[in-house]
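Topology and contacts: notes
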Amino acid sequence: MRKSWFLGIVVLISCMPPLSGSNEVINAAPMQVDVNAQRPRITILYDAFGQTAGMRQDWGYAALIQYHGKRILFDTGNNPEVLAQNAKAKGIDLSKLDFVVMSHRHGDHMGGLSFVLRVNPKVPIYAPKEGFGVYGGDLPGSFYRKDSSLPPEQRYYNGAPPEVMKFGSAWPGANFQLIDKNTEIAPDFHLVTLVSDKPGTLELRELSLAINTPEGLVMVVGCSHPGIDKIVESAAAINARIHLIAGGFHLVVTSDSDIERIVTTLHDRFKVEYVAPGHCTGEPAFTALKRAFGDHYLYAGLGTALTVSDQVRVSSTRARGAQAFAGFAKGWESRNQPAAVSY
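Since we're looking at a predicted model, the values are computed, not measured.

**Here's the deal with the overall build of the chain**
Along its length, the chain carries six helices and 19 strands. The proportion of buried residues among the 343 residues of the chain is 52%. Split by element, the accessible area of the chain, about 15000 Å² in all, is 50% carbon and sulfur.

Have a look at this one:
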């Protein structure tokens, strides 16, 4: 493979199984790394599959993203004790975060927030804005119909409501920043927001994180309730090149034909370069995505760290592991499931 400079990815997995048979390392060569280069990464802290010593599987999702000096926790999993245990096992201090992104209001994504607030009570938290949502909200005082013929004691606020009516959250005192439109929250860090029109999640607003990198967008999604294809379509307005999508694609109960349609859309229409699915993507969808993306399917089980390098020079072919793949070709590379349903 010719030498080139690029944004690379290395999969770091604790307790990697021995390499043997068809999974043995093929022509692996050492990397030459600029020691001053940043090493951004996505670390999976919460999921129901993966084998990393000291970490506990549970249905839910959380990932720590480190990029350009920022430390972002994306979702918090289902249980605060499990999140605390998993973060400790990876040596991650959640008291040191720049901000948190909560993708949506389902318990398997926000259940661990109480632990985060215990160790980092003032951290900014970006969350979806919904009328009377669990993250709080506000409405203009003009939102309701009025009848001035009523006496003051029968009128809301005696007939003089505040200009903006504020509503409380399930976490009083938390520093929520509510998002209802696509927003750049820091240079190259974008939140994509869409509302689900699917049965069971109708009107649910969900946030996805899109990071603009030299190789294209790196996206982290929670559950993709509005549709992973629609999320990617919206993100493409930021950068049409979609380099990587990690997280839950919400195909866990989807039919084979609909899975194939979505996989084809990601691969053929949007030209997504790499996928690192987890959480509610579903086992049949893992199989379909692996079949379509081949070596561009990245394993992202519990404890996996997808590590990105801005300035890495590589002179090698590829390395394969039984559950892990570390490749260096022209972008991210790594490799290879949940067991219950999240709606």
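**Overview of the environment of N175**
As for its placement among the helices and strands, N175 is situated in strand β10 (residues 175-179). Classification of N175 by relative accessible area gives partly exposed; the value is 27%. For the pair N175 and P121, spaced 54 residues apart in sequence, the C-alpha separation works out to 8.0 Å. Those residues in contact with N175 that sit more than four places away from it in its chain are K122, V123, P124 and I125.

**So, the packing of aromatic side chains**
Under the counting rule described, the total for this entry stands at eleven aromatic pairs. When the ring of W171 is compared with that of F176, the centres are 6.0 Å apart and the planes differ by 55°; the resulting orientation is tilted. Of the two residues, W171 and F176, both sit in the buried class. Of the aromatic side chains, those joined through ring pairs into one cluster are Y67, F99, Y126 and F189.

**A short note on the packing of helix α5 (residues 256-269) against helix α6 (residues 283-293)**
A packed helix pair is summarised by two numbers, namely the angle formed by the two axes and the spacing between the axes. Between α5 and α6, the shortest axis-to-axis distance is 10 Å and the interhelical angle comes to 40°. When the axes of α5 and α6 are compared, the crossing they make is right-handed. Of the residues in α6, those in contact with D256, I259, E260, V263, L266 and H267 of α5 are P284, A285, A288, L289, R291, A292 and F293. Class assignment of the residues belonging to the contact of α5 with α6 gives a composition of nine nonpolar, one polar and three charged.

**So, the sheet that holds strand β15 (residues 242-248)**
As summarised here, the arrangement of the six strands in space is β11-β12-β13-β14-β15-β16, forming an open sheet in which the pairing is mixed. Where the open sheet ends on each side, the last strands, each with one partner, are β11 (183-186) and β16 (274-278). Neighbour-to-neighbour, the strand axes of this sheet turn through a mean angle of 20°, independent of strand direction. Pairing between strand β12 (residues 189-195) and strand β13 (residues 205-213): seven bridges, direction antiparallel. Counted as the bridge partner of V195 is R205 from β13.

**Topic: the pairing of β12**
The buried fraction of β12 amounts to five of the seven residues, a majority that puts the element mostly inside the structure. As paired elements, β11 and β12 share three bridges and run antiparallel to each other. Along β12, the bridge assignment pairs T183 with L191. Counting the residues in the hairpin turn of β11 and β12 gives two residues, including D188, whose phi is positive at 75°.

**Here's the deal with the pattern of salt bridges**
For the structure on display, the rule yields ten salt bridges. Here D197 makes a salt bridge to K198, at a shortest N to O gap of 3.5 Å. We classify K198 as partly exposed; its relative accessible area is 29%. With a shortest N-O distance of 3.9 Å, R261 and D258 are connected by a salt bridge. A residue pair is termed a helical-turn pair when its members lie 3 or 4 positions apart in one helix, as R261 and D258 do in helix α5 at three residues. Under the relative-accessibility criterion, R261 is labelled partly exposed at 44%.

Conventions we followed
- Residues numbered from 1 in each chain as written.
- Predicted model: local features only at pLDDT ≥ 70, side-chain atom pairs only at ≥ 80, totals over all residues.
- Heavy atoms only, no water.
- Helix = DSSP H or I, 4+ residues; strand = E, 2+ residues; numbered from the N terminus.
- Buried < 20%, exposed > 50% of the residue type's maximum accessible area, 1.4 Å probe, protein only.
- Areas by Shrake-Rupley, 256 points an atom, 1.4 Å probe, with all protein chains shown as cover.
- Contact = heavy atoms within 4.5 Å.
- Phe/Tyr/Trp six-rings, centres within 6.5 Å; stacked < 30°, edge-to-face > 60°.
- Axes fitted to C-alpha atoms, helices over the stretch in contact; angles between N-to-C directions.
- Left-handed = near helix turned anticlockwise from the far one by under 90°.
- Nonpolar A, V, L, I, M, F, W, Y, C, P; charged D, E, K, R; others polar.
- Pairing = 2+ DSSP bridges.
- Salt bridge = Lys/Arg side-chain N within 4 Å of Asp/Glu carboxyl O.

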